[in-house]
Amino acid sequence: MVTGSDKNFSASIARARDLGGKRFIAKTDLKSEQILNTIRDEYRSTTPDRSTDDKEAQEALDIVSRFGLVGVSPALIRIAKQLIRYAKTNLNVMLAGETGTGKKIAANIIHALSQRNRKQMITVDIVNISRELFQSELFGHVKGAFTGALADKNGLFLEADGSTLFIDEIGDMSLDQQANLLLPVQEQRFRPVGGNSEKNVDVRFVCATNRDIPAMCKAERFRSDLFHRLNGVTITLPPLRDRKDDIPVIAQYWVKQFNHKHGTEITIDLDARETLKQYPWYGNVRELEQTLNRILETKPVNGAITSTDVQEAVSTQAEPLYSGGDSRSEVVPVQNMEKSKRAILIEALNAHKGNKSKVANALDITRDTVYRWIKEFGIQEYQKDDWR
């Protein structure tokens, strides 16, 4: 507070000092420039110097934003700094987080900022590799190694030599596949299927998972020796609901990308951005982007996204949000995500006969989340015998 008086100036100073006053200017000497300078000096003397921290934070955000990881929240600043710091090392990295939080983008950042960026990062999509061809896909094979092996083939390990091997959804790997991977990861050498000689490689591993790998190790569903070799450092990407301040920034970024691609001039108003922040986004950034895409595709070239647009898009989210692909399963439309979550889970459990893994895949959530929701909503556990 700034005030002034030309009466009883000494008494006023004494009284103001007792109340915590620090700087005093006589009214007769009052000038606007002097007041501003006094306020600035006092502000600087009482405010911690954060210029260095703020500069480092902004630089980190600027770097990761070039790859599509955008936001302003403290959580994202922390993640950005971790990605940049560990990208410069040769440590293997485990990227953890719910589906849709940006683990693939994080892997791209790590590789692009590493000393291995002269070569392309090689991706292993565990979900889409059959168990029968797992070794052939990763380690290659020689001609005649098995039926259909008509020529020699280099595997993904050899393609990633001198680069980064990104193993996506590593938590979905079977124990047999894990055993096949252990020695090549540890020794950086492997033998192609049907081959007689080993090949040496120099590969950095970046893995991503939406599962709790340490818990899987305790349950003996994931090899702890493999986990410790792959887990030089773990970087956990937080869910979007834990960094709500990033939602308007992501929305603006996505609208800008859409405009650039389609030659439109669509805008998003402030009320719409605030409405977006109120939604829990269980599908994280991926769900937010899909929702915005539905809105953008129906907007005129110079239209504006409003709060009503957002509410309508959310109310018809994935219409229906869940369909179990079973004739016995009734669709649960989503009018309110929080209220219908229990019903959605029950429908998924019914449709998949209580199989938690299939339910997790159908709802695009982790298996651990399925168990947590079952407990949270007091849903009776389903026994496989009940479905025979």
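This report concerns the structure included in the present document.

What counts, and at which threshold
Residues numbered from 1 in each chain as written. Predicted model: local features only at pLDDT ≥ 70, side-chain atom pairs only at ≥ 80, totals over all residues. Heavy atoms only, no water. Helix = DSSP H or I, 4+ residues; strand = E, 2+ residues; numbered from the N terminus. Buried < 20%, exposed > 50% of the residue type's maximum accessible area, 1.4 Å probe, protein only. Contact = heavy atoms within 4.5 Å. Areas by Shrake-Rupley, 256 points an atom, 1.4 Å probe, with all protein chains shown as cover. Phe/Tyr/Trp six-rings, centres within 6.5 Å; stacked < 30°, edge-to-face > 60°. Lys NZ or Arg CZ within 6 Å of the ring centre and 35° of its normal. Salt bridge = Lys/Arg side-chain N within 4 Å of Asp/Glu carboxyl O. Axes fitted to C-alpha atoms, helices over the stretch in contact; angles between N-to-C directions. Left-handed = near helix turned anticlockwise from the far one by under 90°. Core = buried A, V, L, I, M, F, W, Y, C linked by side-chain atoms within 4.5 Å.

Overview of the overall build of the protein
Move 1: When helices and strands are counted, the protein shows 17 helices and nine strands.
Move 2: Looking at the 388 residues of the protein, the share that counts as buried comes to 42%.
Move 3: The long-range fraction of contacts in the protein, counting pairs at least 24 apart against all pairs at least 6 apart in sequence, stands at 67%.
Move 4: On the protein, roughly 21,900 Å² of surface is accessible, and the fraction owed to carbon and sulfur atoms is 47%.

Concerning the packing of aromatic side chains
Between two aromatic rings, the relevant description is the distance of the centres plus the angle of the planes.
Move 1: As enumerated under the stated definition, the model contains six aromatic pairs in all.
Move 2: Ring geometry for Phe157 and Phe190: centres 5.8 Å apart, planes at 65 degrees, overall edge-to-face. Of the two residues, Phe157 is situated in helix 7 (residues 156-159) and Phe190 in strand 4 (residues 189-190); the sequence distance between them amounts to 33 residues. Comparing Phe157 with Phe190 shows no difference in burial state: the two are buried.
Move 3: Seen in terms of ring centroids, Tyr282 and Trp373 are 6.1 Å apart; in terms of plane orientation they differ by 80 degrees. Their pairing is edge-to-face. Placement of the pair is Tyr282 in the loop between helix 12 (270-277) and helix 13 (284-296) and Trp373 in helix 17 (residues 367-376), with a sequence separation of 91 residues.
Move 4: Overall, Trp373 belongs to the buried group, its relative accessible area being 5%.
Move 5: One aromatic cluster is present, built from ring pairs that chain together Phe139, Phe157, Phe190 and Phe205.
Move 6: Taking the ring centre of Tyr86 as reference, the NZ or CZ of Arg85 above it sits at 5.5 Å.

Observations concerning the pattern of salt bridges
It is possible for side chains bearing opposite charge to pair when their charged atoms get close.
Move 1: Summed over the entire model, instances satisfying the criterion amount to nine salt bridges.
Move 2: Arg241 is paired through a salt bridge with Glu98; the nearest N and O atoms lie 2.5 Å apart. Here Arg241, found in the loop between strand 7 (233-236) and helix 11 (247-262), pairs with Glu98, found in the loop between strand 1 (93-96) and helix 5 (103-112); they are 143 residues apart in sequence, far enough to count as distant.
Move 3: A salt bridge links Arg189 to Glu198; the shortest N-O distance between them is 2.7 Å.
Move 4: The class of Arg189 is partly exposed, set by a relative accessible area of 26%.
Move 5: Given the relative accessible area of 39%, Glu198 is considered partly exposed.

Remarks on the packing of helix 13 against helix 14 (residues 307-315)
Move 1: Relative to each other, helix 13 and helix 14 sit at 120 degrees, their axes nearing to 10 Å. Between helix 13 and helix 14 lies a crossing whose hand is right-handed. On helix 14, the residues that touch Thr291, Arg294 and Ile295 of helix 13 are Asp309, Val310, Ala313 and Val314.

Digging into the nonpolar core
Move 1: Ranked by internal contacts, the top residues of the largest apolar core, which has 30 residues, are Phe157, Leu165, Ile167 and Leu181.
Move 2: Mapped onto this core, the elements with two or more residues apiece are strand 2 (122-125), helix 6 (134-139), helix 7, strand 3 (164-168), helix 8 (175-187), strand 6 (204-209), helix 9 (213-218) and helix 10 (224-230).
Move 3: Apart from residues no more than four positions distant in its own chain, Phe157 is found in contact with Leu138, Phe139, Leu165, Leu181, Pro184, Phe190, Val201, Val203 and Phe205.
Move 4: Leu76, Leu83, Ile109 and Ile235 belong to the second-largest nonpolar core, a separate cluster that totals 25 residues.

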